[in-house]
Amino acid sequence: MNKEIKPLDGIKGTIHLPADKSIAQRSALFALLSEEPSLITNYPSAEDPQTALSCIGQLGAKVESTDRRIRIEGTGRDGLCVPDGVIDCGNSGTVMRMLAGIVAGAGTPVTLAGDASLSRRPMKRIIDPLVQMGAHIHAAEGGRPPLQIRRDKAFMPILFRLPVASAQLKSCVLLAGLFGAELTKVIETVASRNHTETMLGLTVQQNGKERIISSSRSNFIPPQNLEIPGDFSSAAFWLVAGSILEDSEIVMPAAGVNPTRCAALHILRRMGADIEMEMKQDAGNEPVAVLRVRSVKLKPADIHPAEIPNAIDELPVLCVAMAFADGVSRITGAEELRFKESDRLAAIQAVLEAGGVRVKAHADGLTIYGDPKRKIRAAQHDSRHDHRIAMSAAILSFKSDGVSEITNAEAAAVSYPEFWSHLDSLAHF
Ligand code: S3P
């Protein structure tokens, strides 16, 4: 699908965000492992969370859904079924990496495959610790999917220092750890999103700069009875659009604002963004807020390596904001962006340059030469089948001097199927 984007003066209105993809996928996978049934409300219709449901179904969970309420009867930790065929993780790195931990820990023989984008993503980072824990994993060349996983050795708990700040890797090892009699410990020095430890109630020790999270068979796996909050990563597109479009005021009534997820909010505020955050009642253990953003003149900002994990999914759209800041902004320590659904540093650089923005690429980031008075050149932008690139290109195109086009725009549905209809209903030209 191709989507034409017309220039916009502003966006005014209320946006009901899609439910959080990270929390939704975890709720489904943890419900599979729980002995008690789970009732999850506001489960998203986006592709990645739906993939999580079909995968747990293949492993024996019973899933009933009515509207956005989902009842999941899991198999319990020791009742996973051997699936008939390959488990298709679609576009979702989170599903593949977390499921790999579960089946490797359980010793359930499974092959995990994915779409073309997921088949290019690095899995060596999870293969190494899972093999240390006793799994046998056969991967395609370069440690890429599909992954054939089985276990022919006894389970070995490990002490694992994260070589990259990755919540997916952390979660993978901790989920495998749930199957061991003794503690598996994961050490992180740069905090990544903490949904797994929070939702499973795992023990977290703070030791100076290190966070040590542990799991074992003695952890009770709670049923997942929760209402999923709005996705902060989806809110970020509107926080940027509302800031850069002159005549804007956007309200998002229920955004998840877990502090390990919303560095983008602090970065935008550092850039001078006018964002109000009014805290509401928490959803489960997750903080929720009303977010309100109004147009503003942005200043440039540097994004430092320590901030990257907590803004990882929002960096492409932050680059769009930087294109309109009054000066030069720099992102460093973001090499992980090269291993997402696309090489997001290269992809967003191409989008910005097609619009006439000057960008300098580094191995681990970008320098963006901003100009608040800039008119963006109308262009055709390819999403590279990456949801966040499709939506970031759309936000940039609002500021263009003509009609732009996003090709492969359907990619947005991976996390935000309502994005294009929200855009059409809110935009005033
Ligand atoms: C996710 C973690 C992040 C993020 C991804 C979702 C998660 O990946 O980019 O979209 O739900 O744990 P990494 O932890 O590998 O950086």
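Quick notes on the rules
- Residues numbered from 1 in each chain as written.
- Predicted model: local features only at pLDDT ≥ 70, side-chain atom pairs only at ≥ 80, totals over all residues.
- Heavy atoms only, no water.
- Helix = DSSP H or I, 4+ residues; strand = E, 2+ residues; numbered from the N terminus.
- Rg over C-alpha atoms; globule rule 2.2 N^0.38 Å.
- Buried < 20%, exposed > 50% of the residue type's maximum accessible area, 1.4 Å probe, protein only.
- Contact = heavy atoms within 4.5 Å.
- Salt bridge = Lys/Arg side-chain N within 4 Å of Asp/Glu carboxyl O.
- Domains from an automatic or database assignment.
- Buried area = accessible area lost by both parts, 1.4 Å probe.
- Core = buried A, V, L, I, M, F, W, Y, C linked by side-chain atoms within 4.5 Å.
- Pairing = 2+ DSSP bridges.
- Arc of directions from axis to C-beta.
- Polar contact = N/O pair within 3.5 Å; in protein donor to acceptor, adjacent residues only side chain to side chain.
- Axes fitted to C-alpha atoms, helices over the stretch in contact; angles between N-to-C directions.
- Near = heavy atom within 4 Å.
- Areas by Shrake-Rupley, 256 points an atom, 1.4 Å probe, with all protein chains shown as cover.
- Nonpolar A, V, L, I, M, F, W, Y, C, P; charged D, E, K, R; others polar.

A few words now on the overall build of the protein. Each helix and strand in the protein was counted, giving twelve helices and 24 strands. For 429 residues, the compact-globule formula gives about 22 Å, and the C-alpha radius of gyration of the protein, at 21 Å, lands near that figure. Counting only C-alpha atoms and orienting by the principal axes, one finds that the protein spans roughly 65 × 45 × 45 Å. In the protein, which comprises 429 residues, the proportion classed as buried is 61%. Across the protein, the fraction of contacts at a sequence separation of at least 24, relative to all contacts at a separation of at least 6, is 75%.

On to the pattern of salt bridges, then. In this structure the tally under the stated criterion is 30 salt bridges. Among the salt bridges present, the one from Arg 121 reaches Glu 341, with a minimum N-O distance of 3.9 Å. Placement of Arg 121 in the loop between β7 (110–113) and α4 (124–132) and of Glu 341 in the loop between β19 (328–331) and α10 (344–354) is noted, with a sequence separation of 220 residues between them. Since its relative accessible area comes to 8%, Glu 341 is described here as buried. The closest approach of N and O atoms between Asp 128 and Lys 124, which form a salt bridge, is 2.8 Å. Taken together, the positions of Asp 128 and Lys 124, both in helix α4 and four residues apart, correspond to about one turn of that helix. On the basis of relative accessible area, Asp 128 is assigned to the partly exposed category, the value being 36%. Connected via shared salt-bridge partners are Arg 121, Arg 193, Asp 313, Glu 341, Arg 344, Asp 386 and Arg 388.

To continue, consider helix α8 (residues 263–270). Along α8, the residues classified as buried are Ala 263, Ala 264, Leu 265, Ile 267 and Leu 268. With its phi angle positive at about 100 degrees, Gly 272 sits one or two positions after the end of α8.

The next point concerns the domain arrangement of the protein. Here the protein is partitioned into domain 1 (3–18 + 229–427) and domain 2 (21–216). Computed from C-alpha coordinates alone, the two centres of domain 1 and domain 2 are separated by 28 Å. Tallying the contact residues gives 25 residues for domain 1 and 23 residues for domain 2. Taken over both partners, the interface formed by domain 1 and domain 2 buries close to 2000 Å², and the fraction arising from carbon and sulfur atoms is 46%. By the criterion of area lost to domain 2, the three top residues of domain 1 are Arg 261, Glu 341 and Val 414, representing 25% of everything that side buries.

Once that is clear, we can look at the nonpolar core. Among the nonpolar cores identified, the biggest contains 77 residues, and Trp 238, Ile 395, Phe 419 and Trp 420 are the most heavily contacted of them. With nine residues, helix α7 (residues 232–244) is the single largest residue contributor to this core. Apart from the residues within four sequence positions on either side, Trp 420 is in contact with Met 1, Lys 3, Ile 5, Ala 390, Ala 394, Ile 406, Ala 409 and Ala 412. Residues Leu 33, Met 96, Ala 139 and Val 186 belong to the second largest nonpolar core, which totals 63 residues.

The next point concerns the pairing of strand β20 (residues 358–362). Consecutive side chains along a regular strand alternate between the two faces of the sheet. In this sheet, strand β21 (residues 365–369) lies alongside β20 in antiparallel orientation, the contact comprising five bridges. Looking at the pairing, His 362 lines up with Gly 365 of β21. What sits between β20 and β21 in their antiparallel hairpin is a turn of two residues.

Residue position: Pro 259 is located in the loop between β15 (249–256) and α8. Put simply, Pro 259 and Asn 310 are 51 residues apart on the chain and 8.1 Å apart in space, counted from C-alpha to C-alpha. Residues in contact with Pro 259, not counting those within four places in the same chain, are Pro 287 and Asn 310.

Attention now goes to helix α12 (residues 419–426). Within α12, the full set of buried residues consists of Phe 419, Trp 420, His 422, Leu 423 and Leu 426. Burial along α12 is one-sided: seen end-on, the buried residues are contained in an arc of 160 degrees.

All right, on to the side chain of Ser 38 then. Note that Ser 38 resides in strand β3 (residues 38–41). Polar contacts involving the side chain of Ser 38 include one to the main-chain amide nitrogen of Gln 224, which spans 2.7 Å. Discounting chain neighbours no more than four positions away, the residues touching Ser 38 are Ala 31, Ile 70, Arg 71, Ile 72, Pro 223, Gln 224 and Asn 225.

What follows is about the sheet that holds β7. One open sheet accounts for four strands, arranged β6-β7-β9-β8; its pairing is mixed. Looking at which strands have only one partner, the edges of the open sheet turn out to be β6 (87–88) and β8 (135–140). With six bridges joining them, β8 and strand β9 (residues 144–151) adopt antiparallel strand pairing. Bridge assignment links His 138 to a residue of β9, and that residue is Gln 148. Of the strands in this sheet, β6, β7, β8 and β9 are in contact with helix α3 (residues 93–106), which crosses β9 at around 20 degrees.

Right, let's get into the sheet that holds strand β18 (residues 302–303). On the basis of which strands lie adjacent, the open sheet formed by four strands has the order β18-β19-β21-β20 and mixed pairing. The sheet is open, and its two borders are formed by β18 and β20, each paired with just one other strand. Docked against the sheet, helix α9 (residues 315–323) engages β18, β19 and β21, running at close to 25 degrees with respect to β21.

The subject of this paragraph is the site of the ligand. The immediate surroundings of the ligand are formed by Ser 22, Arg 26, Thr 94, Ser 166, Ala 167, Gln 168, Arg 193, Ile 312, Asp 313 and Lys 340. The protein chains hide 96% of the 390 Å² of surface that the ligand would expose on its own. Elements represented by at least two residues in the shell around the ligand include exactly α1 (21–33) and α5 (167–177). Counted by class, the shell around the ligand contains two nonpolar, four polar and four charged residues. Summarising the domain contributions, the shell around the ligand has at least three residues from each of domain 1 (3–18 + 229–427) and domain 2 (21–216).

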